[in-house]
Amino acid sequence: MGRLTTHVLDTVSGGPAAGVKVELFRIAADGERRLLAATQTNGDGRTDAPLLAGADFAAGTYEIAFHIGPYFQAAGAKVGEPAFLDVVPLRFGLGTEGHYHVPLLCSPWSYSTYRGS
């Protein structure tokens, strides 16, 4: 069995991004997105529980949607009108087991990710 976790780091402030809405979707073979989880990051920029774990964890294609536009607007950052980055979708594949950690490092103007551990 595996698990999927995430966190969000604000590269403008150099710290965790608290209160970011995070949605997890499973992507079907026909491209249809099915919502599996919706949560927010905590004070450490992490979700309180894994996005997937135990019997819910299955190999396949997934997408995490990070709603960073509202986070940066609430933080008082100049984001543009409309915001240059609002929702950042990350699409990735999961194998059958292991810990997959998919973080987002972001600013109102850029983002990056990697497979963490």
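Everything here concerns the structure above.
Summary of the structure given here. As a convention, each chain's residues are numbered from 1 in the sequence order in which they are written. Given that this is a predicted model, residues contribute local features only at a pLDDT of at least 70 and side-chain atom pairs are listed and counted only at 80 or more, while totals for whole chains, interfaces and linings are drawn from all residues. In computing side-chain values, all of the structure's heavy atoms are included and hydrogens and water are not.

1. A closer look at the sheet that holds strand β9 (residues 98-101)
The strands making up a sheet associate through backbone hydrogen bonding, with each pair oriented either parallel or antiparallel.
Thought 1: By the convention used here, strands pair only if DSSP detects at least 2 bridges between them. Only DSSP runs of H or I covering at least 4 residues are called helices, and only runs of E covering at least 2 are called strands; the numbering of each starts at the N terminus. Ordered by their spatial adjacency, 3 strands build an open sheet running β6-β1-β9, and the pairing between neighbours is mixed. The sheet terminates laterally at β6 (52-53) and β9, the two strands that pair on one side only.
Thought 2: With 4 bridges joining them, strand β1 (residues 2-5) and β9 adopt parallel strand pairing. Bridge pairing in β9 links G2 to G98.

2. Notes on the nonpolar core
Thought 1: We define the nonpolar core as a collection of buried residues of types Ala, Val, Leu, Ile, Met, Phe, Trp, Tyr and Cys that are connected through side-chain atoms lying within 4.5 Å of one another. Only protein chains enter the calculation, and the probe is 1.4 Å; a residue is then buried if its accessible area is under 20% of its type maximum, exposed if over 50%, and partly exposed in between. With 26 residues, the main nonpolar core has L4, L24, I64, F66, I68, L94 and L104 as its most contacted residues.
Thought 2: Those elements that provide at least two residues to this core are β4 (21-27), β7 (60-67), α1 (68-74), β8 (87-94) and β10 (104-106).
Thought 3: A per-element tally of this core places β8 first, with 4 residues.
Thought 4: Other than its neighbours up to four places away in sequence, I64 contacts T6, V22, E23, L24, L51, V88, P89, L90, F92 and V102. Note on definitions: a residue-residue contact is assigned when non-hydrogen atoms from the two residues lie within 4.5 Å.

3. Some points on the sheet that holds strand β3 (residues 15-16)
Thought 1: Taken together, 4 strands build an open sheet; the order of strands is β3-β2-β10-β11 and the sheet is mixed. At either end of the open sheet lies a strand with only one pairing partner, and these are β3 and β11 (111-113).
Thought 2: Strand direction decides the pairing type here: strand β2 (residues 8-10) and β10, joined by 3 bridges, are parallel. Note that in β10 the partner of L9 across the bridge is L105.

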